[in-house]
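# Geometric and topological summary
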Amino acid sequence: LMEQHSPKNIVIVAFDGSVEMSITISRDVFCAANRVQGKRLDRKRDHAEKTVLVATQDGNAVTTFSGSRFEPDVSVSAVRDPDLVVISGVWNKFDKFLPGQDRVIEWLQGLHARDIPIASLHSGAFLLAEAGLLEGKPATVYWQMEDEFRGRYPGVILQAERKITEAGSLYCSAGI
């Protein structure tokens with residue numbers, strides 16, 4: 001008999017320079033999965049209740065890599081007890097992007113300390129590594145960013161040939 005689980009609270013983190021489809025595809029997939037799970041449990045869910053939220057560092061809109069303005073649901077500090085956090089992929093200069101992410105990094109460190117699963121898409125592994133969460137652990141990243149990642153984070157076990165890596169509650173994907 002298949003074990004029944006309630007729909008999950010999932011947070012997708014967006015940034016200036018996020019690859020828009022890493023936000024929207026993730027949101028669509030998780031919303032669909034939650035809807036199916038809710039129907040399996042024969043629950044009448046309040047359609048106003050959101051189980052998949054998009055968050056930004058400060059709750060303000062971001063401009064995606066393609067130039068679209070994207071309005072989040074919340075700031076990362078407003079997120080309570082997520083079941084999963086997904087870090088969107090970013091197409092940006094990392095020397096300019098990473099220094100401005102202090103609140104997100106601190107938030108991710110706190111989530112990791114509570115063993116909340118965190119998944120990174122595409123280049124999101126840069127943020128996990130910057131937070132010190134991947135030191136001595138396997139990770140993967142989008143192939144065009146492999147050299148830069150290796151240079152920045154020599155203590156991370158980069159497995160660029162892998163599409164997905166897992167290190168406890170940390171997951172990295174080489175693509176979207």
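Our structure's up above, just so we're on the same page.
Here goes a summary of the coordinates provided. (Residues numbered from 1 in each chain as written. Predicted model: local features only at pLDDT ≥ 70, side-chain atom pairs only at ≥ 80, totals over all residues. Heavy atoms only, no water.)

## Some details on the nonpolar core
By size, the foremost hydrophobic cluster in this structure holds 37 residues, and its most contacted members are Trp 107, Leu 108, Ile 118, Leu 127, Leu 134 and Phe 149. For this core, the secondary structure elements donating two or more residues are strand 1 (10-13), strand 6 (84-87), helix 2 (94-97), helix 3 (102-113), helix 4 (125-130) and strand 11 (170-173). Ignoring anything within four residues of it in the chain, the contact list for Phe 149 reads Ala 125, Phe 126, Ala 129, Leu 134, Val 141, Val 156 and Leu 158. Counting residues in hydrophobic clusters, the runner-up holds 12 residues, among them Ile 10, Ile 12, Ala 14 and Leu 84. (Core = buried A, V, L, I, M, F, W, Y, C linked by side-chain atoms within 4.5 Å. Buried < 20%, exposed > 50% of the residue type's maximum accessible area, 1.4 Å probe, protein only. Helix = DSSP H or I, 4+ residues; strand = E, 2+ residues; numbered from the N terminus. Contact = heavy atoms within 4.5 Å.)

## Notes on the pairing of strand 2 (residues 52-56)
Counting buried residues along strand 2, four of its five residues qualify, which places the element largely inside the surrounding structure. Sheet topology places strand 1 next to strand 2; four bridges connect them, and they run parallel. Note on strand 2: the bridge partner recorded for Val 13 is Ala 55. Bridging between strand 2 and strand 5 (residues 74-75) involves two bridges; their strand directions are parallel. By the bridge assignment, Ala 55 is partnered in strand 5 with Val 74. (Pairing = 2+ DSSP bridges.)

## What about the environment of Asp 16?
Mapping Asp 16 onto the fold places it in the loop between strand 1 and helix 1 (20-40). Aside from chain neighbours lying at most four places away, what touches Asp 16 is Val 62, Thr 63, Val 90, Asn 92 and Phe 97. Polar side-chain contacts of Asp 16 include one of 2.7 Å to the backbone nitrogen of Thr 63. (Polar contact = N/O pair within 3.5 Å; in protein donor to acceptor, adjacent residues only side chain to side chain.)

## With respect to the sheet that holds strand 2
Overall, mixed pairing links the seven strands, which are arranged 5-2-1-6-7-11-10 in an open sheet. The open sheet terminates on both sides in strands that have one partner only, identified here as strand 5 and strand 10 (164-167). Packing of helix 3 onto the sheet brings it into contact with strand 1, strand 6, strand 7 (118-121) and strand 11, and relative to strand 6 it is tilted by some 145°. (Axes fitted to C-alpha atoms, helices over the stretch in contact; angles between N-to-C directions.)

## With respect to helix 3
Here helix 3 contains 12 residues, and its C-alpha end-to-end distance of 17 Å stays within 8% of the 16 Å for a straight helix at 1.5 Å per residue. Among the residues of helix 3, Val 104, Ile 105, Trp 107, Leu 108, Leu 111 and His 112 are the ones counted as buried. Seen along its axis, helix 3 keeps its buried residues to an arc of 165°; they face one direction. Across helix 3 from its buried face, at more than 90 degrees, point the exposed residues Asp 102, Arg 103, Glu 106 and Ala 113. Where helix 3 is buried, its residues meet strand 1, strand 6, strand 7, helix 4 and strand 11. Where helix 3 terminates, the next one or two residues include Asp 115, which has phi positive at roughly 65°. (Expected span 1.5 Å × (residues − 1). Arc of directions from axis to C-beta.)

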